[in-house]
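Structural overview for review
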Amino acid sequence: MQNRRLFDRIESIKFKGITKKYGPVYAVKDLDLEVRGGELLILIGPSGSGKTTALRMMNRMIDQDTGSVTINGLDTRDVDPVRLRRNMGYVIQNIGLFPHMTIGENIGLVPKLEGWDKKKIHQRVSNLLDFVSLPPDIFMKRYPRQLSGGQQQRVGLARAMATDPPLFLMDEPFGALDPILRKQLQKEFLKIKNEINRTIIFVTHDIEEALVLGDRIAIMDQGQLVQVGPPEELIFNPASELVSDIVDNQRKYKHMDTLKVKDLMSAYEDKYALDGKTEVCDAVEEMTKRDLETAFVFDGHELLGQVTMVDLMKCRVKAQKLADLARPMKTFQPLDSVAFALSEMKKSGEYIAIVMDPNKPAGILVSDEVLLKLI
Amino acid sequence: MVGLEIILEATWEHIILVYTTLSISIAISIPLAFASLYSRKLEFVVMKFANLVQAVPSFAVVAIMVPLLGIGFTPAVVAIMLRALLPIVKNTFIGLKNVDPSIIDYAQGMGMSQWQINTYIRLPNAYPAMFAGIKFAGILANSIAVLTAFIGSGGLGEIIFQGLIGYNTSTLLAGAIPAILLAIMIDRSFSALEKKVTPGYRKI
Amino acid sequence: MLTIQVIAEVWDKHLMTIRTIEHLQMFSIALTLSIIIGVSVGVLIYMRPKTADTVLNFLNIVETIPDLALIVLLLPVLKLGAGPTIAACVLYSILPIARNTYTGLKGVDAQYTYVASAIGLSSREALFRVRIPLSLPLIAGGIRIALVFCMGVVTLGGLVAAGGLGTVLQNGVQLYQKDAILVAGLWTGLLAVLLDGFAGIIEKKLQERYGTW
């Protein structure tokens, strides 16, 4: 019975008059909200705004006091919670991979409970691991503790996709990662999102993330919905002080022409650097330890280029040195103009560049971040 | 039927056996625990030995006394001690050792001597664990004391062994039931004591 | 002195091969039953938390009863033979296994139970696939304690015609045969220590595999 799909595609999800109280405090108050099929809706707001509570009502981890949540017209209270949850992919900040199961077992758990045969599960898990850029022959048999934070989060995403659900609930999935890693995963996630074309509800407290990822953004405060709409609407027609505060505080820089690279670059840290003589195997281990997805390769003080974890994973000759693998990357000077730097990066399709002053690294330029600082 | 007088006498013998052993065990354990605090080698030997002996069946320990020490009260005391000593040493040692080092530092700073630190800080801190160990040892001693009747220690076990010879149920019960009551008594009284010495009356 | 020759003589005369087999048979039956019952009790009191204190308190009282007295209490019900000995082993062993199972299940990190439920595991599936596996190191610790209890009680079986190595000890003491006592006593002790050590290794392995980090 649990094998049957509740829905193949989401037409719409409707919150009607939802209220949830904890003692005298309203966690959510009179919430009316519609999620459209196929969109990525962001729920954002300060902590205690009710965004997570609203998300958890969708899979009935929390039940509302009054009001109803309907999916394609089906009231969630009429469905067994276990069955409801099997029809949704769920990703959370602390991931919660089971430590006693391998990566393969973690991803294949729900398919196994759904009664898939072994071969089909294996096939599916391999495909998913490939999909999130973790080569299956390396990662299938590993345990969660052997993975870096970024790798674990990819596994969390693959687990949510295991039964190919039509709906994803994501509760600050990138919240615990360092900024550069977060950017990279957001980027990959956007790609995935476009490929799978599913309905996604995404909770975050990070407005940058919301602006980059969201088709529409719902801003919540003190249990109530303040405004919902596409990013540009929130920027140009904020419904209240709060909305303009949330969106506007990013608008620090109005005149792009006068801006220099040094104004908008991110801090450089030594942990990003690897020596060109490092062998691939050691580099993978080192990057895992430092929780890096991208590293810069140096030969002494000379910059050789960049390597990404994905490149290293694909490399078959394990004794190869990083110097041979490093891909050239854009470098800029602190006093270059931002407009120039961005157009250069766009031309070559790079989203990350290094700033040298003049021969040693002074910062990192991440295109998304620069754009967001400009809004 | 077994006369009440016989039961009372056996119970008395049993109590003497248990508490003699327990007192000697405590008297040896506490200095041993303190000594282990100052010698890593001794600590290692005591802990290893404690874990090892705990696995050996009591009956084997009791029986081996016969070729080594013969039969009677003394071999029984030694056999019981071999089992009862170690939980006390182990628990006391753990209690003594688990004192917040900053408190020891502070006490030294106040000018307390090593002896004063031990009596006023380490020992009271070890009480809860120590009394838990003594309770466990008491129950163990009571249990093995039934068995040592087999090597002539006297006590309630003697009535049980008499009952076993003719398979006489009422004789068996006349030995078993007082032994069980004694066990429950030991458990209760030492639990109460344990609570009393635990700061805030909380059971660990 | 114990020479090889003396040991061999005692071994043959007291049928120690057969006694060892009896000993281990009783032991394995008792331990298997203890594990089944102990884990079940642990799971049941976990699912009905209100009963936990009562059940554990009762088992605590059972634990204080002298082992020989407990066997004797069971004699009228189960008659002479291996029955009372095995039953006493089980009664002693339920507590450590049930208590550790209960503590283990209760102590599973909340994030894992939350995720289990959120990705659509029923409470039964969450119990068997997440809670119990994550509790295995603690459950194994309880089983190891039970193993020591069982070895001790099984040895007592010799006194109530249950067979096993206790029989050799009993005969040795009654007939005052020092060699027999020494050989049987050391052998029984060695068996117990070896099994305990073996269980310790398994416990450690489980700790590495399933323990929290």
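Computed from a predicted structure; not experimentally measured.

Below, the discussion takes up the overall build of chain B. Each helix and strand counted, chain B has eight helices and zero strands in total. Its helices and strands taken in sequence order, chain B reads α-α-α-α-α-α-α-α from the N to the C terminus. A principal-axis box enclosing the C-alpha atoms of chain B has dimensions of 70 × 40 × 20 Å. A burial count over chain B gives 46% of its 204 residues as buried. Restricting to contacts in chain B with at least 6 residues of sequence separation, those with at least 24 account for 74%.

With that out of the way, let us pick up the overall build of chain C. Assigned secondary structure in chain C consists of nine helices and zero strands. Starting at the N terminus and ending at the C terminus, chain C contains elements arranged as α-α-α-α-α-α-α-α-α. Seen through its C-alpha atoms, chain C measures out along the principal axes to roughly 65 × 40 × 20 Å. Going through the 213 residues of chain C one by one, you find that 53% of them count as buried.

The next subject is the interface of chain A and chain C. In this complex, chain A contributes 15 residues to the contact, which on the side of chain C involves 18 residues. Listed by contribution, the elements that provide at least two residues to the side of chain A that touches chain C are α2 (81-86), β6 (88-92) and α3 (103-113) of chain A. Tallying contributions element by element places α2 of chain A first for the side of chain A that touches chain C, with three residues.

As a further point, take the pairing of strand β8 (residues 199-204) of chain A. Residues and elements named next belong to chain A. β8 sits mainly inside the fold: six of its six residues count as buried. Relative to β8, strand β3 (residues 40-44) is paired through five bridges, and the arrangement is parallel. For leucine 41, the partnering residue across the bridge sits in β8 and is isoleucine 201. Two strands pair when backbone bridges link them, and strand β7 (residues 167-171) and β8 are joined in this way by five bridges, in the parallel orientation. Considered in β8, the bridge of methionine 170 is made with phenylalanine 202. Read as a crossover between parallel neighbours, the route from β7 over helix α7 (residues 179-196) to β8 is right-handed.

The biggest cluster of nonpolar side chains holds 199 residues, and the ones touching the most others in it are Leu43 of chain A, Val62 of chain B together with Ala69, Cys89 and Cys150 of chain C. With 18 residues, the single largest contributor to this core is helix α7 (residues 123-156) of chain C. The contact partners of valine 62 of chain B, leaving out residues within four places of it in the chain, are Ala79, Ile144, Leu147, Thr148, Phe150 and Ile151 of chain B. By size, the runner-up hydrophobic cluster in this structure holds 37 residues, among which are Met309, Ala326, Phe332 and Val355 of chain A.

All names here are of chain A. With five of five residues buried, β3 is to be regarded as a mostly interior element. With four bridges joining them, β3 and strand β9 (residues 216-221) adopt parallel strand pairing. Across the sheet, isoleucine 42 pairs through a bridge with isoleucine 217, a residue of β9.

Residue and element names in this part refer to chain A. Read from one edge of the open sheet, three strands run β12-β13-β14, paired in mixed fashion. The two strands at the open ends of the sheet, each matched to only one other strand, are β12 (273-275) and β14 (302-308). Taken pair by pair, the neighbouring strands of this sheet meet at an average axis angle of 35°, ignoring direction. Note: β12 against strand β13 (residues 294-299), three bridges, orientation parallel. In the sheet register, alanine 273 faces β13, and the bridge partner there is phenylalanine 296.

All names here are of chain A. Taken in spatial order, the six strands of this open sheet run β6-β7-β8-β3-β9-β10, and their pairing is mixed. Each edge of the open sheet is held by one strand with a lone partner, namely β6 and β10 (224-229). Sheet twist, expressed as the mean angle between neighbouring strand axes with direction ignored, is 15°. Sheet strands touched by helix α1 (residues 51-58): β3, β7, β8 and β9. Its angle to β8, the strand with the most contacts, is close to 150°.

Counting from both sides, the interface comprises 30 residues of chain B and, opposite them, 31 residues of chain C. Broken down by secondary-structure element, the contributors of at least two residues to the side of chain B that touches chain C are α2 (40-55), α3 (58-69), α6 (114-148), α7 (156-166) and α8 (169-197) of chain B. Top contributing element to the side of chain B that touches chain C by residue count: α8 of chain B, with eight residues.

Residue and element names in this part refer to chain A. One can find valine 125 in helix α4 (residues 118-131). Spatially, the C-alpha atoms of valine 125 and methionine 140 are 8.0 Å apart, while their sequence positions differ by 15 residues. Beyond its immediate stretch of four places on either side in the chain, valine 125 contacts Gly104, Ile107, Gly108 and Met140.

Residues and elements named next belong to chain B. It is the contact of helix α4 (residues 73-97) with α6, at a shortest axis distance of 7 Å, that shows an interaxial angle of 160°. Between α4 and α6, the angle is such that the two are roughly antiparallel. Relative to α6, the crossing made by α4 is right-handed. Each residue belonging to the contact of α4 with α6 can be placed in one class, and the counts come to 20 nonpolar, six polar and three charged.

A word on unusual backbone geometry. The backbone of arginine 60 of chain A shows a phi angle near 60°, a positive value even though the residue is not glycine. Along the chain, arginine 60 of chain A falls in the loop between α1 and β4 (66-71). We classify arginine 60 of chain A as partly exposed; it has 19 C-beta atoms within 10 Å. Despite not being glycine, tyrosine 176 of chain C shows a phi value in the positive range, around 55°. Relative to the helices and strands, tyrosine 176 of chain C is located in the loop between α8 (165-174) and α9 (178-210).

Looking at the secondary structure, you find proline 137 of chain C in helix α7. Sequence separation between proline 137 of chain C and tyrosine 210 of chain C is 73 residues; the distance between their C-alpha atoms is 6.7 Å.

Let us look at helix α12 (residues 280-290) of chain A. All names here are of chain A. All of the buried residues along α12 are Val280, Ala283 and Met287. Around the axis of α12, the buried residues are gathered within 55° of arc, so they sit on the same side. Along α12, the residues that are exposed and aim more than 90 degrees away from the buried face are Glu285 and Lys289. Its buried side turned inward, α12 meets β12, β13, α13 (309-314) and α14 (322-325).

Confidence along chain C averages 88 in pLDDT terms, with 98% of residues attaining 70 or more. Model confidence for the complex is summarised by a pTM of 0.76, with the ipTM given as 0.85.

Once that is clear, we can look at the environment of alanine 162 of chain C. Residue and element names in this part refer to chain C. On the secondary structure map, alanine 162 appears in the loop between α7 and α8. Assessed through the 25 C-beta atoms surrounding it within 10 Å, alanine 162 is described here as buried. Ignoring sequence-local partners within four residues, the contact set of alanine 162 consists of Met26, Gly81, Ala82, Thr85 and Gly157.

Procedures and definitions
Residues numbered from 1 in each chain as written. Chains lettered and ligands numbered in written order. Predicted model: local features only at pLDDT ≥ 70, side-chain atom pairs only at ≥ 80, totals over all residues. Helix = DSSP H or I, 4+ residues; strand = E, 2+ residues; numbered from the N terminus. Buried ≥ 20, exposed ≤ 12 C-beta atoms within 10 Å, placed from the backbone. Contact = placed C-beta atoms within 7 Å. Pairing = 2+ DSSP bridges. Right-handed = clockwise from strand over helix to strand, strands pointing away. Core = buried A, V, L, I, M, F, W, Y, C linked by C-beta atoms within 7 Å. Axes fitted to C-alpha atoms, helices over the stretch in contact; angles between N-to-C directions. Parallel < 35°, antiparallel > 145°, perpendicular 65-115°, else oblique. Left-handed = near helix turned anticlockwise from the far one by under 90°. Nonpolar A, V, L, I, M, F, W, Y, C, P; charged D, E, K, R; others polar. Arc of directions from axis to C-beta. pLDDT = per-residue confidence, 0-100.

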